[in-house]
Amino acid sequence: MEPVKVGLLGLGTVGCGTVDVLRRNAREIARRAGRGIEVVAAAARDPGRPRPCDTRGIRLTDDARVVVEDPEVEIVVELIGGDTLTRELVLRAIELGKHVVTANKALIALHGNEIFAQAQERGVMVAFEAAVAGGIPIIKAIREGLAGNTILWLAGIINGTGNFILTEMRDKGRSFEDVLAEAQRLGYAEADPTFDVEGIDAAHKLTILASIAFGIPLQFKKVYTEGISGITQEDVAYAGELGYRIKHLGIARRSNGAVELRVHPTLIPQRRLIANVDGVMNAVLVTGDAVGPTLYYGAGAGADPTASAVVADLVDVVRVMTTDPGNRVPHLAFQPDAITDLPIRSMDDVETAYYLRLRAIDRPGVLADVTRILGDLEVSIEAILQKEPEPGARDVPIVLLTHRTIERRMNTAIREIEALPTITAPVRRIRVESLQ
Ligand code: NDP
Ligand code: HSE
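Residue numbering note: each chain is counted from 1, following its sequence as written. Going through the entries in the order they are written, you letter the chains from A and number the ligands from 1. Confidence filtering applies because this is a predicted model: local features only for residues at pLDDT of at least 70, side-chain atom pairs given and counted only at 80 or more, and all residues used for totals across whole chains, interfaces and linings. Only hydrogens and water are set aside; all other atoms, that is, all heavy atoms of the structure, feed into the side-chain values.

Right, let's talk about the site of ligand 2 for a bit. Nearness is judged by heavy atoms alone; a residue qualifies as near a molecule or strand once a single heavy atom is within 4 Å of it. Lys 105, Asn 159, Gly 160, Thr 161, Tyr 188, Ala 189, Glu 190, Asp 196, Asp 201, Lys 205, Gly 300 and Ala 301 make up every residue found near ligand 2. Interatomic distance of 3.4 Å between a side-chain N/O atom of Asn 159 and an oxygen atom of ligand 2. Here Lys 205 contributes a side-chain N or O atom positioned 2.7 Å from an oxygen atom of ligand 2. The accessible surface values rely on the Shrake-Rupley method and a 1.4 Å probe; as for residues, cover is taken only from the protein chains in view. Summarising the interface, the protein chains cover 94% of the accessible area of ligand 2, which totals 250 Å² for the free molecule. Looking at the shell around ligand 2, the elements with two or more residues in it are helix H7 (160-172) and helix H10 (200-214). Looking at the shell around ligand 2 residue by residue, the classes come out as 3 nonpolar, 4 polar and 5 charged. Side-chain atoms alone can form a polar contact between residues adjacent in sequence; in general such a contact is a pair of N or O atoms within 3.5 Å, and within protein one must be able to donate a hydrogen while the other accepts it. Numbering goes from the N terminus for both helices and strands, where a helix is a DSSP run of H or I of at least four residues and a strand is a run of E of at least two. Charged residues are taken to be Asp, Glu, Lys and Arg, nonpolar residues to be Ala, Val, Leu, Ile, Met, Phe, Trp, Tyr, Cys and Pro, and polar residues to be all remaining types, Gly included.

Written as structure tokens, this is what we have:
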């Protein structure tokens, strides 16, 4: 049988990785898909630039629209990134009746509802495994492997760049900026790396995970998002002394008829498996009512791991492209008419435990004032760490771990603590999760 003809939009880290994997594993891929998969056309901004992959036999252009319109192309693989041009290209491919594979989480998180509705109407597939957690087949695991469960909650390290930065800061004492520059060189970071470090990329991915886990529409704007750029070496060290690691987590939880969606740095007990997921690796914990907790681990970014997910999607599409669209796995795991718009819980109402780092003048009674404020608000303290003053400093760092409380109450406590005349700097707050 003739190979399936693919058009590639983008020949960067993931685009070239995809060309490489398709060539390297051509025989295995054809044995699985039932047909060969051949890239016949590709677009890049500068198609004349030397590439780390073998582009022989591929028609190259600087106009992505030419690839989409190419009558020979049956499947369009979008690996450009961003959500403006790519939305136009993907919607056009769908209009032309072509199947789409994309690694673009921003596109799916922001425009997925529209894209999937159009794809459903046109009877084409839009596959996006590579959009979440790089090489880990997490979309397939939740959408298919856990289809018998009511998913209760999930929590994941879903940005490779951020995890790489936190790991190198902790293990090697390297600076934030230095490690970020290395992540960019290695092809892990987004075109705009603030997406990685400010949690936007993780929020895109959490939007997608929550939708396929709970059967809710994609709603990126409702994700509470906090990045890792404020994490200091001090926090990393104090967390370690208390038996915790700081990880940048995306958390989605369904309870009492509402869903919480949040991305923020989180202290996790060192003994949890997920606390030991380091470097560019990602991991997602998913808890279903029937299966209990499950954990998925693998490379979260990089050329080959991401290409692994892109090619798996291609194989899936090739296997079922001739079947009745009504019998395919729904894009967002639930039948489109069964997607339910559950309310998203306000961050003020989320309950969690807290790490608080204060700087206070070293004089009797200061700690009593702080504990009185927390006590009055019924926030109970689990541990206190008071450090020696640094030479010449008039204030000392104090670290507190609290039991679980409502965020609104903690906001009040922090305001009152910061108003004390003995507190010399803003309180640093990091949320703590036991993940049990
Ligand atoms: P790169 O920046 O490495 O590659 C982007 C490619 O798109 C380049 O080849 C670039 O051309 C091309 N391109 C950009 N603008 C245009 C345009 N207007 N017309 C035609 N081609 C264009 O990005 P990545 O490969 O890292 O990422 C691609 C997608 O995959 C993004 O959505 C990203 O979020 C996602 N992703 C990335 C992962 C990673 O580890 N890097 C992991 C998972 C998902 P040129 O090379 O000439 O500049
Ligand atoms: N920039 C992303 C990351 C790429 O570092 O996780 C993978 O989605």
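What follows concerns the sheet that holds strand S6 (residues 126-127). Strand pairing is defined by DSSP finding a minimum of two bridges between the two strands. The sheet built from 6 strands is open, its strands ordered S3-S2-S1-S4-S5-S6 with parallel pairing. Both outer strands of the open sheet, strand S3 (59-61) and S6, are each paired with one neighbouring strand and no more. Here strand S4 (residues 75-78) runs beside strand S5 (residues 99-102); their pairing, made up of 4 bridges, is parallel. Pairing of Val 76 across the sheet is with Val 100, part of S5.

The pairing test for Phe, Tyr and Trp rings, Trp by its six-membered ring, is centres within 6.5 Å, and the orientation test on the planes gives stacked under 30 degrees, edge-to-face over 60, and tilted for anything in between. If you walk through the whole model with that rule in mind, you get 2 aromatic pairs. On the basis of an interplanar angle of 40 degrees and a centroid distance of 5.4 Å, the ring pair of Phe 116 and Phe 128 is categorised as tilted. Pair noted here: Phe 116 is in helix H5 (residues 105-122) and Phe 128 is in the loop between S6 and helix H6 (138-145), with a separation of 12 residues, a long-range link. Here the two residues Phe 116 and Phe 128 agree in accessibility, since each one is buried. Seen from their ring centres, Phe 164 and Tyr 188 are 5.7 Å apart, and the 85 degrees between their planes marks the pair as edge-to-face. Of this pair, Phe 164 sits in helix H7 while Tyr 188 sits in the loop between helix H8 (176-185) and helix H9 (194-197), placing them 24 residues apart in sequence. Only protein chains enter the accessibility calculation, which uses a 1.4 Å probe. A residue is then buried if its area is under 20% of the maximum for its type, exposed if over 50%, and partly exposed in between. Since its relative accessible area comes to 9%, Phe 164 is described here as buried.

So, on to the pairing of strand S10 (residues 258-269). Counting buried positions along S10 yields 12 of 12 residues, so the element is predominantly enclosed. In the sheet, strand S8 (residues 224-225) pairs with S10 via 2 bridges, with the strands oriented parallel. From the neighbouring strand, Tyr 224 faces S10, where its bridge partner is Arg 262. Taken together, the 12 bridges between strand S9 (residues 244-255) and S10 define a ladder with antiparallel strand orientation. The residue of S10 that forms the bridge with Ile 246 is Leu 267. Pairing of S10 with strand S17 (residues 428-432), which is carried by 2 bridges, proceeds in the parallel orientation. By the bridge assignment, Leu 267 is partnered in S17 with Val 432.

Moving on, we come to the pairing of strand S15 (residues 395-402). Most of S15 is tucked away: 8 of the 8 residues are buried. Of the two faces of S15, the one lined by Asp 395, Pro 397, Val 399 and Leu 401 and the one lined by Val 396, Ile 398, Leu 400 and Thr 402 are each fully buried. Strand direction decides the pairing type here: strand S13 (residues 351-361) and S15, joined by 7 bridges, are antiparallel. Bridge assignment links Arg 359 to a residue of S15, and that residue is Pro 397. Bridge analysis of strand S14 (residues 381-386) against S15 gives 5 bridges, and the strand direction is antiparallel. When the bridges of S15 are listed, Ile 384 appears paired with Leu 400.

Here, nonpolar core means buried Ala, Val, Leu, Ile, Met, Phe, Trp, Tyr and Cys residues that are tied together by side-chain atoms lying within 4.5 Å of each other. In terms of nonpolar packing, the biggest core is built from 58 residues, with Ile 138, Leu 209 and Val 286 touching the most fellow members. No other element matches H10, which puts 9 residues into this core. How far each domain reaches was decided by an automatic or database domain assignment. Taken domain by domain, the makeup of this core includes at least three residues from each of domain 1 (4-135 + 303-338) and domain 2 (138-297). Among residues more than four places away in sequence, those in contact with Leu 209 are Val 132, Ile 138, Ile 139, Ile 142, Leu 154, Ile 158 and Val 284. In this structure, Val 21, Ala 44, Val 315 and Val 317 belong to the second largest nonpolar core, which totals 34 residues. The contact definition used throughout considers only heavy atoms, calling two residues in contact when any of these lie within 4.5 Å.

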